[in-house]
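# Geometric and topological summary
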Amino acid sequence: MYFAQRNPAQLTNFLGKLFVFSFVWSFGGNFRRDENLDDDGGIIQRGETKQEVSVTYEFDNFVHETFDTEPPLGVRLPTGNKTIYSYFVDMKSGNFVLWDILVPSTQTLIEKSAIMSLGDLHNSQAEQQKTILANEIVPTVDSVRYSFLMALLLLDKHPVLLTGESGVGKSSLILNMIKQISKEGGTGTKADSLLGSVFNFADKNNDLIENIMTLTRGNEDSAVEKMNLFGSQKAKPSPGVLSSIIQFSAQTTIDRTCTQVIQRLVRKGRDSMVGPRGRKVIVFIDDLNVPAQEVYGAQPPLELLRQFLDLGGFYDTKKLQWKNTTDLTFTAACAPPGGGRNVVNPRILKHFCMLALPTPSTRNLQHIYQVQLGKFLHEGDFVPEVKESLFSFVSGSIAIFYRMCNEMLPTPTKIHYTFNFRDLSQVIQGLLQANEDVIVNRDLCAQLLAHEVTRTFHDRLISPSDRERSSTLPL
Ligand SMILES: Nc1ncnc2c1ncn2[C@@H]1O[C@H](COP(=O)(O)OP(=O)(O)OP(=O)(O)O)[C@@H](O)[C@H]1O
Ligand SMILES: [Mg+2]
């Protein structure tokens with residue numbers, strides 16, 4: 001049973017907490033934050049400026065100054081060295097809870113996969129497994145909270161734009177989130193769904209007290225549990241959303257965009273198009289800001305999207321007729337302008353709730369790549385000595401990546417010296433090709449790492465002095 005149902009007298013206080021949570025993400029969600037500050041160590045890497053560092057703290061202080069007073073005028077905010085971004089409101093206990101709780105530990109994730117893949121894998125299956133490992137997204141605090149926030153907004157028909165530096169994982173995060181809410185029951189609040197993992201996280205954690213209460217209480221709130229979050233009362237699991245994915249490029253035309261946007265909709269009557277059997281349709285537009293500008297500075301595909309958002313329909317140029325669209329929600333991703341990406345017109349931006357995905361902290365990077373590589377080493381037939389070098393593999397790759405970012409800076413003659421997390425992913429993907437019959441001791445591990453790093457970073461350097469410097473990097 002939810003907190004508000006159990007304690008109606010404390011409703012005002014509880015709503016206050018929910019208000020603070022909503023305030024933090026609606027006003028503070030699109031700040032360019034430094035995620036390292038949320039982690040205990042607070043290591044500041046990659047030459048972040050003072051200004052960026054302070055945004056997180058300044059906003060955190062502001063929220064504390066504004067809301068942290070004795071009830072009923074304010075709410076008691078969590079104390080500790082974590083910022084307000086690190087908490088969500090638990091609907092069952094009515095308290096602020098750390099997002100970290102929802103993320104399984106690195107070791108659990110590695111071992112879980114090892115158990116799942118017990119049994120003989122055929123060769124082709126093993127190959128497939130490698131590509132899956134490289135492509136699948138590893139749950140991190142960021143992926144969990146941003147997926148939750150985006151799914152919540154999208155299912156309530158608010159368009160969302162996810163922004164953040166290139167290579168931080170925007171596209172992968174949204175694709176993964178859409179995959180989860182497209183599953184049967186994916187839009188509901190059962191504990192194993194995306195929204196349910198936050199709303200009903202106590203159930204997932206097998207909360208003993210809650211279980212006892214359910215047993216003694218009987219069926220009184222089973223109707224509530226069955227209720228879909230958005231009001232429709234259904235006994236069956238909800239069918240999940242339909243989605244279409246549009247990758248924008250500089251050459252994207254307006255006609256193609258229109259066809260792709262409406263491809264999942266079906267005709268209803270003469271002048272409207274709806275989702276099949278009332279299902280919601282989510283259109284994901286990747287790299288929203290890359291279409292080329294026309295002579296007057298507009299980006300035609302974006303103007304079409306603006307028409308959909310402003311007027312709820314489009315003009316069918318074949319039948320010369322206006323068509324209304326319902327059940328359609330947009331989500332988009334784009335990196336900040338620069339390097340072929342244009343400034344987006346505020347007239348379309350105003351429709352989107354904007355969230356900025358921070359660059360992953362060192363701890364998150366460790367987590368992601370240790371899980372990917374750890375799964376691979378666990379499943380393969382590697383000798384224990386190699387399995388034990390997991391930590392060194394990952395820390396080594398991350399350290400070298402940071403050194404390259406800090407030392408090999410882009411200049412007019414070396415404009416391609418821009419390294420991002422995709423390069424780090426490439427190093428790890430190279431390591432995932434290791435063969436258990438060849439890599440049999442620590443020295444070979446070091447050689448393999450050196451090879452992958454050379455392939456990804458050293459090969460891109462153009463001047464002999466840079467090459468010299470990079471080859472002296474400690475491994
Ligand atoms: N949580 C994660 N788990 C596993 N891999 C991740 C995670 N986050 C990011 N990555 C990896 O980071 C790389 C970059 O991700 P992605 O392509 O989604 O970035 P992007 O933000 O869309 O970049 P761009 O702005 O250039 O389109 C991918 O190789 C992806 O696998
Ligand atoms: Mg992308």
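Structure shown above.
In this report, the structure presented in the accompanying data block is examined. Here the structure is a predicted model, which means the values were calculated and not measured.

Right, let's talk about the overall build of the protein for a bit. Looking only at helices and strands, the protein features 20 helices and eleven strands. Of the roughly 24300 Å² of accessible surface on the protein, 55% is carried by carbon and sulfur atoms.

Glancing now at the sheet that holds strand β4 (residues 242–247). Strand order in the open sheet made by the five strands is β4-β7-β10-β3-β11, with parallel pairing throughout. Each of the sheet's edge strands pairs with one partner strand only, and the pair in question is β4 and β11 (353–356). Neighbour-to-neighbour, the strand axes of the sheet open up by a mean angle of 20°, direction not taken into account. Relative to strand β7 (residues 281–286), β4 runs parallel, the two being bridged by six bridges. Each residue of the ladder has a partner; that of L242, found in β7, is V281. Taken strand by strand, helix α12 (residues 254–262) contacts β4, β7 and β10 (328–334), and its axis lies near 160° from that of β4.

With that settled, the discussion passes to the site of ligand 1. Around ligand 1, the surrounding shell holds 16 residues, and the nearest of these are V138, S166, K170, S171 and S172. In the model, an oxygen atom of ligand 1 is placed 3.1 Å from a nitrogen or oxygen of the G169 main chain. Between ligand 1 and the protein, one listed contact pairs an oxygen atom with a side-chain N or O atom of R422 at 2.9 Å. Taking 630 Å² as the accessible area of ligand 1 by itself, protein coverage stands at 86%. When contributions to the shell around ligand 1 are tallied by element, the ones reaching two or more residues are α7 (170–182), α15 (362–379) and α18 (421–431). Among the elements that make up the shell around ligand 1, the one with the highest residue count is α7 (three residues).

For the rest of this paragraph, the subject is the nonpolar core. Taken as a class, soluble globular proteins show a tendency for nonpolar side chains to be buried jointly. Formed by 90 residues in total, the largest nonpolar core has its most connected members in W25, V63, W99, M177 and F419. The next biggest cluster of nonpolar side chains, apart from the first, holds 27 residues, and it includes C258, L288, F308 and I348.

It is worth spelling out the packing of α15 against α18 at this point. Where α15 contacts α18, the two axes come as close as 10 Å, and the packing angle between them is 20°. Between α15 and α18, the angle is such that the two are roughly parallel. In this structure, the crossing between α15 and α18 has a hand that is right-handed. On α18, the residues touching L365, Y369, Q372, L373 and F376 of α15 are F421, L424, S425, I428 and L431. The class makeup of the residues in the contact of α15 with α18 is eight nonpolar, two polar and no charged.

What sets the pattern is the α-helix's 3.6 residues per turn: residues three or four places apart point alike. The complete set of buried residues in α18 reads F421, D423, L424, V427, I428, G430 and L431. The opening residue of α18 is N420, an N-cap whose side-chain oxygen sits 2.8 Å from the backbone nitrogen of R422.

The geometry of helix α17 (residues 390–407) relative to helix α19 (residues 442–456) is characterised by a closest axis approach of 11 Å and an angle of 30° between their N-to-C directions. Relative to α19, the element α17 lies roughly parallel. Crossing hand, α17 versus α19: right-handed. Only R442, C445, L448, L449 and V453 of α19 make contact with α17, whose side of the interface consists of S392, F393, G396, S397 and I400.

This paragraph deals with unusual backbone geometry. Its identity as a non-glycine residue notwithstanding, D287 has a phi of 55°, on the positive side. Structurally, D287 is set in the loop between β7 and α13 (300–311). Phi is positive for D327, which is not a glycine, with a value near 65°. On the basis of relative accessibility, which here comes to 16%, the residue D327 falls in the buried class.

So, on to the pairing of β10. Counted residue by residue, β10 has seven buried out of seven residues, so it is predominantly covered. In this sheet, β10 lies alongside strand β3 (residues 160–163) in parallel orientation, the contact comprising four bridges. Counted as the bridge partner of V160 is T331 from β10. Alignment of β7 against β10, held across six bridges, turns out to be parallel. Within β10, the residue paired with D286 across the bridge is A333.

Cut-offs and rules
- Residues numbered from 1 in each chain as written.
- Chains lettered and ligands numbered in written order.
- Predicted model: local features only at pLDDT ≥ 70, side-chain atom pairs only at ≥ 80, totals over all residues.
- Heavy atoms only, no water.
- Helix = DSSP H or I, 4+ residues; strand = E, 2+ residues; numbered from the N terminus.
- Areas by Shrake-Rupley, 256 points an atom, 1.4 Å probe, with all protein chains shown as cover.
- Pairing = 2+ DSSP bridges.
- Axes fitted to C-alpha atoms, helices over the stretch in contact; angles between N-to-C directions.
- Contact = heavy atoms within 4.5 Å.
- Near = heavy atom within 4 Å.
- Polar contact = N/O pair within 3.5 Å; in protein donor to acceptor, adjacent residues only side chain to side chain.
- Core = buried A, V, L, I, M, F, W, Y, C linked by side-chain atoms within 4.5 Å.
- Buried < 20%, exposed > 50% of the residue type's maximum accessible area, 1.4 Å probe, protein only.
- Parallel < 35°, antiparallel > 145°, perpendicular 65-115°, else oblique.
- Left-handed = near helix turned anticlockwise from the far one by under 90°.
- Nonpolar A, V, L, I, M, F, W, Y, C, P; charged D, E, K, R; others polar.

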